[in-house]
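What follows is each chain in one-letter form.
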Amino acid sequence: DAGITQSPRHKVTETGTPVTLRCHQTENHRYMYWYRQDPGHGLRLIHYSYGVKDTDKGEVSDGYSVSRSKTEDFLLTLESATSSQTSVYFCAISESNLMNTEAFFGQGTRLTVV
Amino acid sequence: DQQVKQNSPSLSVQEGRISILNCDYTNSMFDYFLWYKKYPAEGPTFLISISSIKDKNEDGRFTVFLNKSAKHLSLHIVPSQPGDSAVYFCAASESEKLVFGKGTKLTVNP
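Novice: Please explain the interface of chain B and chain A as it appears in this structure.
Specialist: Often, the extent of an interface is quoted as the loss of accessible area upon association of its parts. Across the contact, 19 residues belong to chain B and 24 residues belong to chain A. Between chain B and chain A, roughly 1,800 Å² of surface is buried when both sides are summed, and carbon and sulfur atoms account for 58% of that area. Counting the surface chain B buries against chain A, the share from its top three residues, B:Glu96, B:Lys97 and B:Phe100, is 31%. Scanning the region where chain B abuts chain A turns up zero salt bridges.

Written as structure tokens, this is what we have:
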């Protein structure tokens, strides 16, 4: 299994509070991604990173920010959590861009905003 | 606008029979397609992929077919086994991003 660890695995937080989710990899892969999974929507890309300090937005980036200060860690921050951000969040990594290679996913973080 | 579509939310088949999962896409710039499998409470895992320059790729019980003119791909599982019961996501690669469909829940009945 690819070395990807997401923390925390579960979190309940109140509306309006900031929340940070962490993705840690031991594979030294260049690319890292944050997705959210919701019923009826599948997996949607929030943000991704193609190197240290290099990040870009996905299709559902509003309300989220990311940071990658070192290769192994990719942080996702909900600046002011809302109930619509209740979801399961998955981090993924890949060795190269996704033109011809697979991504490896973490086990997910279940976030509930009350 | 959804670029990768899996129009069947669920599929139920008998053990030993063929499972066919379908996927349509709208973006002609996609040139690499993948299938991922997801069990409850786990992250998705890669299953099989196909480049747009091919029309078929086979790996054991799993075969993916690509029809570029129709912008359609399908995943065939034969014979289906109860352990194949999971949600299957179709995904397409666009540059550095992976775009997923909504998934199809496959149930293989013993």
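And the narrative resumes.
Novice: Please clarify how the pairing of strand β9 (residues 86-94) of chain B should be interpreted in this entry.
Specialist: Along any regular strand, the residues point their side chains to alternate faces of the sheet. Residues and elements named next belong to chain B. The buried fraction of β9 is high, at seven of nine residues. Pairing analysis gives four bridges linking β9 to strand β10 (residues 97-100), with the strands arranged antiparallel. Bridge pairing in β10 places Ala92 opposite Val99. Linkage of β9 to β10, two consecutive antiparallel strands, is achieved through a turn of two residues, within which Ser95 is found at a positive phi near 55 degrees.

Novice: I would appreciate a short explanation of the state of the cysteines in the present structure.
Specialist: Covalently bonding the sulfur atom of one cysteine to the sulfur atom of another cysteine gives a disulfide. In this structure the tally under the stated criterion is two disulfides over all chains. Residue pairing for A:Cys23: its cysteine sulfur links by disulfide to A:Cys91, the two sulfurs lying 1.9 Å apart. Taking the sign of the S-S torsion, -70 degrees for the link of A:Cys23 and A:Cys91, the bridge is left-handed. In this pair, A:Cys23 is assigned in strand β3 (residues 19-25) and A:Cys91 in strand β9 (residues 87-94), connecting sequence segments 68 residues apart. The exposure classification of A:Cys23 matches that of A:Cys91, with both residues buried. In this model, B:Cys23 is linked to B:Cys90 through a disulfide, with the two sulfur atoms separated by 2.0 Å. Looking down the S-S bond of the B:Cys23 and B:Cys90 bridge, the torsion is -75 degrees, so its handedness is left-handed. Of this pair, B:Cys23 sits in strand β3 (residues 19-25) while B:Cys90 sits in strand β9, placing them 67 residues apart in sequence. Summarising the burial analysis for this pair, B:Cys23 and B:Cys90 share the class buried.

Analysis parameters
- Residues numbered from 1 in each chain as written.
- Chains lettered and ligands numbered in written order.
- Predicted model: local features only at pLDDT ≥ 70, side-chain atom pairs only at ≥ 80, totals over all residues.
- Heavy atoms only, no water.
- Contact = heavy atoms within 4.5 Å.
- Buried area = accessible area lost by both parts, 1.4 Å probe.
- Salt bridge = Lys/Arg side-chain N within 4 Å of Asp/Glu carboxyl O.
- Buried < 20%, exposed > 50% of the residue type's maximum accessible area, 1.4 Å probe, protein only.
- Helix = DSSP H or I, 4+ residues; strand = E, 2+ residues; numbered from the N terminus.
- Pairing = 2+ DSSP bridges.
- Disulfide = S-S within 2.5 Å.

Note that all results are geometric; they support no functional claim without further evidence.
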